[in-house]
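Commentary on secondary and tertiary structure
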Amino acid sequence: MPMKLFKCDETIPEREKHIYIKEKGEDTTQFLPSAHVETIPGSLSERGCSYCGAKLVIGGVLKDTIQLIHGPVGCAYDTWHTKRYPSDNGNFQLKYVWSSDMKEQHVVFGGEKLLKKAMLEAFAEFPDIKRMMVYTTCSTAFIGDDIKPVVKEVEKELGDVDIFTVECPGFAGVSQSKGHHVFNMGWMTDKVGTYEPEITSPYTINVIGDYNIQGDTFVMEKYMEKMGIQIIAHFTGNGTYDSLRGMHRAQLNVTNCARSAGYIANELKKKYGIPRIDVDTWGFDYAKEGLRKIGAFFGIEDRAEAVIAEEVAKYESKLEWYKERLSGKKVCIWTGGPRLWHWTKALEDDLGMHVVAMSSKFGHQEDFEKVIARGEEGTIYIDDGNELEFFEVLEMVKPDLVLTGPRVGALVKKLHLPYVNGHGYHNGPYMGFEGAVNMARDMYNAIYSPLMKLAQSDIRGEQMKTVIPEEKRKFKESKVQQSKSVDITSTEPMPTAVNYAVLESSKFDTQPLLIPDNQPLLQENEVQQSKSIDITSTEPMPTAVDYTVLESSKFDTQPLLIPDNQPLPQRQQIGGKISAFLEQLPKYLGSFSTEYQLPIICFATIITATVAVKIILAVLDVINEIPQLNLVFELTGIGYLIWFVFRYLFKASTRQELAAQISFFQKEIVEGQD
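Let us look at the structure shown here. (Residues numbered from 1 in each chain as written. Predicted model: local features only at pLDDT ≥ 70, side-chain atom pairs only at ≥ 80, totals over all residues. Heavy atoms only, no water.)

This paragraph deals with the sheet that holds strand S9 (residues 276–278). Overall, parallel pairing links the 4 strands, which are arranged S7-S6-S8-S9 in an open sheet. Since the sheet does not close on itself, it has two edges, and those belong to strand S7 (230–236) and S9, each with one partner. Sheet twist, expressed as the mean angle between neighbouring strand axes with direction ignored, is 20 degrees. Direction of pairing for strand S6 (residues 204–210) relative to strand S8 (residues 252–255): parallel, over a ladder of 4 bridges. Paired with Ile205 across the strands is Leu252, a residue of S8. (Pairing = 2+ DSSP bridges. Helix = DSSP H or I, 4+ residues; strand = E, 2+ residues; numbered from the N terminus. Axes fitted to C-alpha atoms, helices over the stretch in contact; angles between N-to-C directions.)

Here it is in structure tokens:
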């Protein structure tokens, strides 16, 4: 049976449809894993959300655009600075993140006013930036904020700005692939054709689906410049907002990541008749093939061959060096979507490696069709793999390396397996001839790292030996002249009271002597009077022993282990319990006060109020007994009443003033307004 149900998925039998193991002679079109469908409840997905697919993967790469996220600040923070998308303008897009920073009150009462305020503030803070993208999130989509009218208001108010809206909340699709689609189609509908680029070459292209991870785009630019080809727009690595508006002027669309950007390439062909060719620019042989395709389209094959010859002369010998050392190594590729089929043949043909397992987070069935056609028999293919499945796969295939993202990579490292970051790279670029060597270097360094070999040695289960050769168990006579011998290897019970004192070792042939660091040191007079102990004796241990200044010479075996779990006398045990209780007393009191905080506060309030009332009544009794004081208070009250009536009640203006003051005090006390 080609479809596979892992042991970890026995409680989720539907997962069988998502896992395929390639066998000889099978028609793979009949056994494609289910893909681009909703995650099965109970299976922890590694997918990103739809909003992430729009903002993090595509829009956030542009180097001259404010990326404003309308939603809670977490949606902005979690899609900022997480991928290595450099640019040639000082990495503006990596330095800043913008958010409307919605709170609960905006979810209740609406966030459109907040959005407008945030947009105006962003443009004011960056006066040189005139382009913006605004993204909806789950929160703003749930409450129905209409961002397009707000965008039109800001554009009309500022005049010289251009703003693109991306209405793709996280819940809109089953994975980030939905965000790719929404961004592609929205840009094609709203922005393409609204800007005329300057044409400087008879050969023009759009590079689509390249996001300049650690400089991939710079490699492609270098090749095109040598061939005399002008790149109208990068979608979107190192790209600009206005260059993407001029994509309709290119003669050819060169598509790299078909999953994230194939949509706009198809739409450009439908609307403007611009042909599309797909290239694989990761891998040595794939880079040759891609340049030859582009050269053949424009009839400049000689230029393409010149670039290929130059790059091969620089990097082929380096790649061969790595191939000798990586050939036969088994690798898993657990990435997003298209890199499965971009990297499979490159690793197998260029380096002689074996891709034994692949997992896609957001690939469609057509992506699996490509990668299965390129893959070897016996390879495992998984859609939307989870961690338990990864554990089972690793046990099945026992790879030498895993290509995945840092999240799963952290899990893999705990299993003492090397991994290389397949999302953001370790030390890129990975594109083109130069990139193929960089990728091979990172894989070689990961597999052959001595640190990884050290990490694979797990000493937690080893038992250290305590038997020490008799000829090595001698102490300096000047320190232990009067000692009585005791054998540390004896099987008799240990004494009930032991003092471990300064153990001094000189030289060891193997491990160092382990010395307890929490034992009290003996005084010098106690050392002189202590009885000497010989560890070679087989006699039972005494009831009270002082281990004093012990100096050993050399040990050929494992370190001496001093027992630290011996029972203490009853008196010391009781004292220890009392000491432990006193040490824990603040903790108990703190726990009690935390657990019963409300009753304690209520009780204290009642007691305090009772005492206060008693004191006030006593004070009033004393005052009432003072002669003539009652008459003074009565006259004072009558005088104040007369003043109050004349001051505030006779005239309408003073009555209004009184009402205003009452209203002010009411707001200050009840509503908390200043």
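Let us keep going from here.
To continue, consider the pattern of salt bridges. One pass over the full model with this rule turns up 32 salt bridges. Two residues, Lys116 and Glu153, come together in a salt bridge whose shortest N-O distance is 3.3 Å. With Lys116 in helix H5 (residues 112–125) and Glu153 in helix H7 (residues 147–158), this pair connects stretches of sequence that are 37 residues apart. Taking the shortest distance from any N to any O, the salt bridge between Arg245 and Asp162 comes out at 4.0 Å. Highlighted residues: Arg245 in helix H10 (residues 241–245) and Asp162 in strand S5 (residues 162–166), separated in sequence by 83 residues. Its relative accessible area of 9% is what places Arg245 among the buried residues. Asp162 sits in the buried class, given a relative accessible area of 14%. Via salt bridges that share partners, Arg131, Asp162, Lys191, Asp242 and Arg245 belong to a single interconnected network. (Salt bridge = Lys/Arg side-chain N within 4 Å of Asp/Glu carboxyl O. Buried < 20%, exposed > 50% of the residue type's maximum accessible area, 1.4 Å probe, protein only.)

This next bit is on unusual backbone geometry. Backbone torsion omega between Phe235 and Thr236 reads 5 degrees, so that peptide bond is classified as cis. Residue placement: Thr236 occurs in strand S7. With an omega dihedral of 5 degrees, the bond running from Gly428 to Pro429 counts as a cis peptide bond. Even without glycine at this site, Asn91 takes up a positive phi of about 60 degrees. Looking at the element boundaries, Asn91 is found in the loop between helix H2 (73–77) and helix H3 (92–95).

For the structure on display, the rule yields 31 aromatic pairs. On the basis of an interplanar angle of 70 degrees and a centroid distance of 5.9 Å, the ring pair of Tyr223 and Phe433 is categorised as edge-to-face. Within this pair, whereas Tyr223 is found in helix H9 (residues 216–227), its partner Phe433 is found in helix H18 (residues 432–448), the two being separated by 210 residues in sequence. You can call Phe433 buried: its relative accessible area is 0%. Grouping aromatic residues by their ring pairs yields a cluster made of Phe164, Phe183, Trp187, Phe235 and Tyr241. Sitting over the ring of Trp321, Arg325 keeps its end group 3.6 Å from the ring centre. Between the NZ or CZ atom of Lys370 and the centre of the ring of Trp341, over which it lies, the distance is 4.0 Å. (Phe/Tyr/Trp six-rings, centres within 6.5 Å; stacked < 30°, edge-to-face > 60°. Lys NZ or Arg CZ within 6 Å of the ring centre and 35° of its normal.)

Attention shifts here to the sheet that holds strand S4 (residues 131–136). In spatial order, the strands read S3-S2-S4-S5; together these 4 strands make up an open sheet with parallel pairing. Here the strands that pair on one side only, and so sit at the sheet edges, are strand S3 (98–99) and S5. Packing of helix H1 (residues 50–58) onto the sheet brings it into contact with strand S2 (66–70), S4 and S5, and relative to S4 it is tilted by some 165 degrees. (Contact = heavy atoms within 4.5 Å.)

Let us look at empty space enclosed by the protein. Under the definition given, this model contains 7 cavities of 30 Å³ or more. Taken as a whole, the largest cavity spans an internal volume of roughly 150 Å³. Around the largest cavity, the lining is made up of 17 residues, and of these Lys55, Gly60, Thr79, His81 and Gln93 lie nearest the centre. Where the lining of the largest cavity is concerned, the elements lending two or more residues are H1, S2 and H3. (1 Å grid on protein atoms, 1.4 Å probe; cavity = no way out; pocket = protein on both sides within 12 Å on 5 of 7 lines; lining within 4 Å. Points joined across faces, edges and corners; volume = space filled by probe spheres on them.)

Core analysis: the biggest nonpolar cluster contains 95 residues, and Phe183, Met224, Leu347 and Met443 have the highest contact counts within it. Among residues more than four places away in sequence, those in contact with Met443 are Leu326, Leu347, Leu351, Met353, Leu401, Leu403 and Val420. (Core = buried A, V, L, I, M, F, W, Y, C linked by side-chain atoms within 4.5 Å.)

The geometry of H9 relative to helix H13 (residues 301–326) is characterised by a closest axis approach of 9 Å and an angle of 130 degrees between their N-to-C directions. On the basis of their axis angle, the class for H9 and H13 is oblique. Taken as a pair, H9 and H13 cross one another with a handedness that is right-handed. Together, Lys222, Tyr223, Lys226 and Met227 of H9 and Arg303, Ala304, Val307, Glu310 and Glu311 of H13 make up the contact between the two elements. Its residues assigned to classes, the contact of H9 with H13 shows 4 nonpolar, no polar and 5 charged. (Parallel < 35°, antiparallel > 145°, perpendicular 65-115°, else oblique. Left-handed = near helix turned anticlockwise from the far one by under 90°. Nonpolar A, V, L, I, M, F, W, Y, C, P; charged D, E, K, R; others polar.)

In this structure, the largest pocket spans a volume of roughly 960 Å³. Among the secondary structure elements, those contributing two or more residues to the lining of the largest pocket are H1, H2, S6, helix H14 (339–351) and helix H17 (406–414). For the lining of the largest pocket, the leading source of residues is H1, giving 4 residues. Residue classes in the lining of the largest pocket are distributed as 17 nonpolar, 19 polar and 10 charged.

Before going further, it helps to spend a moment on the side chain of Lys55. Here Lys55 shows up in helix H1. Aside from chain neighbours lying at most four places away, what touches Lys55 is Gly60, Gln67, Ile69, Thr79, Trp80 and Tyr135.

What follows covers the pairing of strand S10 (residues 330–335). Counting buried residues along S10, 5 of its 6 residues qualify, which places the element largely inside the surrounding structure. One ladder, built from 6 bridges, connects S10 with strand S11 (residues 354–360); its direction is parallel. What sits directly across from Ile333, in S11, is Met358. Where the polypeptide runs from S10 across H14 and back to S11, its parallel neighbour, the crossover connection is right-handed. (Right-handed = clockwise from strand over helix to strand, strands pointing away.)

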